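Structural description and commentary
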Amino acid sequence: MAEVASLATASAPLRLNWPRWLVAPVLALLAALMALSIGRYPLPAGEIFRFIAACLGWTTMEPEHYSLLYNLIVEIRLPRVLATILVGASLSVSGAAYQALFRNPLVSPGLLGVLAGASAGAALGIILGGSWWLVQASAFLTGLLAVAIGVGIAQVFGRGSVLMLILGGILCGALFTSLLSMVKYLADPYNELPAIVYWLMGSLGQVNLTDVGWAAIPMSLGILVLSLLGRALDALAMGDDEARALGVPVAAVRLATIAAATLVSALTVAIAGMIGWVGLIVPHIARLLVGPGNARLLPAAACLGAAFLLFADSLSRNLFATELPIGIVTELLGIPVFLLVLRRVRRGWS
């Protein structure tokens, strides 16, 4: 009877709890407005809305004032805000998808080695030349390579089983962590090593509209694909045999989830460096908000992840006279937040 009830629940039409569902996107919008407003030159929210109205031709504004706001909002703050939204949403969605796929609440986007691989690639790019494009390309490609090696290990030794995927990811992560240590050891201690260490702490200070432009399309597509796989991931949560009985192609869904999560996770490291805790904590908060159903959880996690990282980035820019690496801020925020939700994690999974 329990299995019949579970199957009926999985096949029931999706019902959204609209008041709770609206909390996540509203928080993301408020966090974006806050990030555009605060800084060394604070802007009231009314000035931002007035600037938007002037851009749309709904009102007029003095040319000098318009030029100042354009430079401050569009050229300086907007690229960073957009990049923060993409990175936070990508890390949160990939973390939620991995937690559903592996049925483990302690899983994060780095499970299969993508973050370790991308970090090693970024460090290698820094010592090979240090150009921004070389570092980004190297981080992205080695992140994909790391997951490919982990999945290959699982296919060879365990026919792609969940357990062998986890073991392959652990082995691959250890391999690229060792390679990262080797690159750090060989780096110039006066120029290259500080750049590698700073990159590994995460930063959005160098992001521009060009970076956002080339990363937005694949990251948005990856987030969309993972969100569309929510119902299939709900079926996989009941077990592979039950999912096959419902007509779900288990192997294809598993590989598609890994591919999309790997793509967006590697891109986050390519444009922002290592940022931890977001993909582990935010999915739990989203579960407490909208429940364990992945069709609702994944979009909610994307919005909450964007809001969480926008708040962390605002703190990193304004907490002290000098900017803190955002990875440090997410770790400092992540520990107390995780302790707060720890008592309710079981309820979020039920």
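An account of the accompanying structure is given in this report. Bear in mind the structure is a predicted one, so any value in this text is a computation, not a measurement.

Examining the nonpolar core
Of all hydrophobic cores here, the largest spans 83 residues; its most connected members are Val87, Tyr98, Phe102, Leu233, Ile258 and Ile275. With near-sequence residues (within four places) excluded, valine 87 lies in contact with Met219, Thr268, Ile271, Ala272, Ile275 and Leu309.

Concerning the pattern of salt bridges
In this structure the tally under the stated criterion is seven salt bridges. The closest approach of N and O atoms between arginine 50 and glutamate 62, which form a salt bridge, is 3.5 Å. In this pair, arginine 50 is assigned in helix α4 (residues 45-55) and glutamate 62 in the loop between α4 and α5 (63-102), connecting sequence segments twelve residues apart. Given a relative accessible area of 31%, arginine 50 falls into the partly exposed group. On the basis of relative accessible area, glutamate 62 is assigned to the partly exposed category, the value being 45%. As a salt-bridge pair, aspartate 313 and arginine 317 come within 3.5 Å of each other at their nearest N and O atoms. Of this pair, aspartate 313 and arginine 317 both sit in helix α15 (residues 294-318), separated by four residues, roughly a single helical turn.

Focus: unusual backbone geometry
Phi at arginine 103 is positive, roughly 50°, even though this residue is not glycine. Among the structural elements, arginine 103 can be located in the loop between α5 and α6 (114-128). Exposure remark for arginine 103: the relative accessible area of 39% places this residue in the partly exposed category. Although it is not a glycine, tryptophan 277 sits at a positive phi angle of roughly 75°. Along the chain, the position of tryptophan 277 falls in the loop between α13 (250-272) and α14 (278-290). Judged by relative accessible area, tryptophan 277 falls into the partly exposed class, the value being 29%.

Examining the side chain of serine 90
Mapped onto the elements, serine 90 comes out in helix α5. Under the relative-accessibility criterion, serine 90 is labelled buried at 0%. Within the structure, the side chain of serine 90 is placed 2.7 Å from the backbone oxygen of leucine 86, a separation counted as a polar contact. Those residues within four positions of serine 90 in sequence are excluded, and the remaining contacts are Met219, Ile223, Val264 and Thr268.

Re a nonpolar patch on the surface
Taken together, the side chains of Leu145, Ile149, Leu175, Leu179, Met182, Tyr185 and Leu186 present a nonpolar region at the surface, about 720 Å² in accessible area. Of all the elements in the fold, those that place two or more residues in the nonpolar patch are α7 (132-158) and α8 (162-186). Locating isoleucine 149 in the fold gives a position in helix α7. Judged by its relative accessible area of 31%, isoleucine 149 is partly exposed.

Conventions and cut-offs
Residues numbered from 1 in each chain as written. Predicted model: local features only at pLDDT ≥ 70, side-chain atom pairs only at ≥ 80, totals over all residues. Heavy atoms only, no water. Core = buried A, V, L, I, M, F, W, Y, C linked by side-chain atoms within 4.5 Å. Buried < 20%, exposed > 50% of the residue type's maximum accessible area, 1.4 Å probe, protein only. Contact = heavy atoms within 4.5 Å. Salt bridge = Lys/Arg side-chain N within 4 Å of Asp/Glu carboxyl O. Helix = DSSP H or I, 4+ residues; strand = E, 2+ residues; numbered from the N terminus. Polar contact = N/O pair within 3.5 Å; in protein donor to acceptor, adjacent residues only side chain to side chain. Patch = residues over 30% accessible without salt bridge, like charges linked within 9 Å, V, L, I, M, F, W, Y side chains within 5 Å. Areas by Shrake-Rupley, 256 points an atom, 1.4 Å probe, with all protein chains shown as cover.

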